[in-house]
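# Understanding the architecture of this molecule
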Amino acid sequence: MFGRKNVIELKKPEQFERMRAAGLVVADTLRLLRESVTPGMTTADLDAIARESISSAGATPSFLNYHGFPAVICTSVNDEIVHGIPGQRVIEPGDVVSIDCGAIVDGWHGDAAISVVVGDATPEVDQLLDVTETALWRGIAKACVGGRLSDIGHAVESHVRASGDFGIVEEYVGHGIGSSMHMDPSVPNYGQPGHGPKLVAGMALAIEPMVNLGGRHTKMLDDEWTVVTVDGRWSAHFEHTVAITADGPWVTTAHDGGAERLAALGVPTPA
Ligand code: MG
Ligand code: MG
């Protein structure tokens, strides 16, 4: 819309507090799902657990009915990258299950995702998950006042490239978040540093690398939601919602606000 393009919503501290409340609902739900997932369950079983977790916290699931999405979480298994629909698929030993979860408290959003291996992982799958999650934290570490937006994607890409021959998904990216789940700006997981909007206190971003064991290319299944790798190789997805404050990144969807992982990277976080 004329005059409205590329406006990035800036949050007041009390609005960040509501985003933190939503983020903790997401963090609790993902922790519960990580503890619950076992072979023999269906992805619909996971969805039911998430539905109960979010509603018992007094929050609203962001994904349910979002553009017609029929479930509370996305469950993407093995070669599925993102946006898988929970259903009757039975989880098998060794599967990688990527779980994406969003919740709303008082109109403010939290959005996060984890990938978990159910049972024993092969070394290459172990590495895929570690590389993807570490790349996420490298990106979060750049969500600091004074930086530029593309510093985040550059940090994500640099870690993945330095770790091996992985594919970084380009068609699906992170996003601004706050009073809606998906807002400006887009947050790619690649690129050169020093470009894009300056990062200022009050911005909130969902950072979410999707990394494949094979090539980067994707296709959508006939359900018009599930995104899979073209080559059938497996994929991982980790995401956090990050509030940019004058005192550093505040990871609203991490129980400790990101303090431990960011301290290890030398980045201060709000007290
Ligand atoms: Mg998400
Ligand atoms: Mg997201």
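Residues numbered from 1 in each chain as written. Chains lettered and ligands numbered in written order. Predicted model: local features only at pLDDT ≥ 70, side-chain atom pairs only at ≥ 80, totals over all residues. Heavy atoms only, no water.

For the coordinates displayed, the defined rule picks out zero disulfides. Looking at Cys74, it has no disulfide partner, and the nearest cysteine sulfur is the one in Cys101, 9.4 Å off. (Disulfide = S-S within 2.5 Å.)

A few words on the coordination of the magnesium ion (ligand 1). The magnesium ion (ligand 1) binds to the protein through Asp100 (OD), Asp100 (OD), Asp111 (OD) and Glu239 (OE), with metal-donor distances spanning 2.0 to 2.6 Å. If you list the donors of the magnesium ion (ligand 1) from N- to C-terminus, the spacing comes out as D-x10-D-x127-E. The metal-metal distance between the magnesium ion (ligand 1) and the magnesium ion (ligand 2) comes to 3.1 Å, with Asp111 coordinating both. Of this pair, Asp100 sits in strand S4 (residues 96-105) while Glu239 sits in the loop between strand S13 (235-237) and strand S14 (240-245), and the two are 139 residues apart along the sequence. Glu239 carries the same exposure label as Asp100, and that label is buried. (Donors = N, O, S within 2.8 Å, 3.2 Å for Na, K, Ca; no water. Helix = DSSP H or I, 4+ residues; strand = E, 2+ residues; numbered from the N terminus. Buried < 20%, exposed > 50% of the residue type's maximum accessible area, 1.4 Å probe, protein only.)

Turning our eyes to something else, we now look at the side chain of Arg20. Its place among the elements puts Arg20 in helix H1 (residues 13-36). Look at Arg20: it is buried, it has no salt bridge, and the nearest opposite charge is Asp256 at 6.6 Å. A distance of 3.4 Å separates a polar atom in the side chain of Arg20 from the backbone oxygen of Val251. At 2.7 Å, the side chain of Arg20 forms a polar contact with the backbone oxygen of Ala254. If we skip the residues at most four places from it in the chain, Arg20 touches Trp250, Val251, Thr252, Thr253, Ala254, His255, Asp256 and Gly257. (Lys, Arg positive; Asp, Glu negative; His and termini not counted. Salt bridge = Lys/Arg side-chain N within 4 Å of Asp/Glu carboxyl O. Polar contact = N/O pair within 3.5 Å; in protein donor to acceptor, adjacent residues only side chain to side chain. Contact = heavy atoms within 4.5 Å.)

Let's shift gears to the pattern of salt bridges. Overall, the coordinates contain eight salt bridges when judged by the stated rule. Across the pair Asp106 and Arg18 runs a salt bridge whose closest N-O atoms are separated by 3.7 Å. One end of the pair, Asp106, is in the loop between S4 and strand S5 (108-117); the other, Arg18, is in helix H1, and 88 residues separate them in sequence. The exposed category is assigned to Asp106, whose relative accessible area is 60%. According to the relative accessible area criterion, Arg18 is partly exposed, its value standing at 36%. Two residues, Arg216 and Glu170, come together in a salt bridge whose shortest N-O distance is 3.7 Å. On the criterion of sequence distance, the pair formed by Arg216 in the loop between strand S10 (210-212) and strand S11 (218-220) and Glu170 in the loop between strand S6 (167-168) and strand S7 (174-176) is long-range, its members being 46 residues apart. Assessed through its relative accessible area of 28%, Glu170 is described here as partly exposed.

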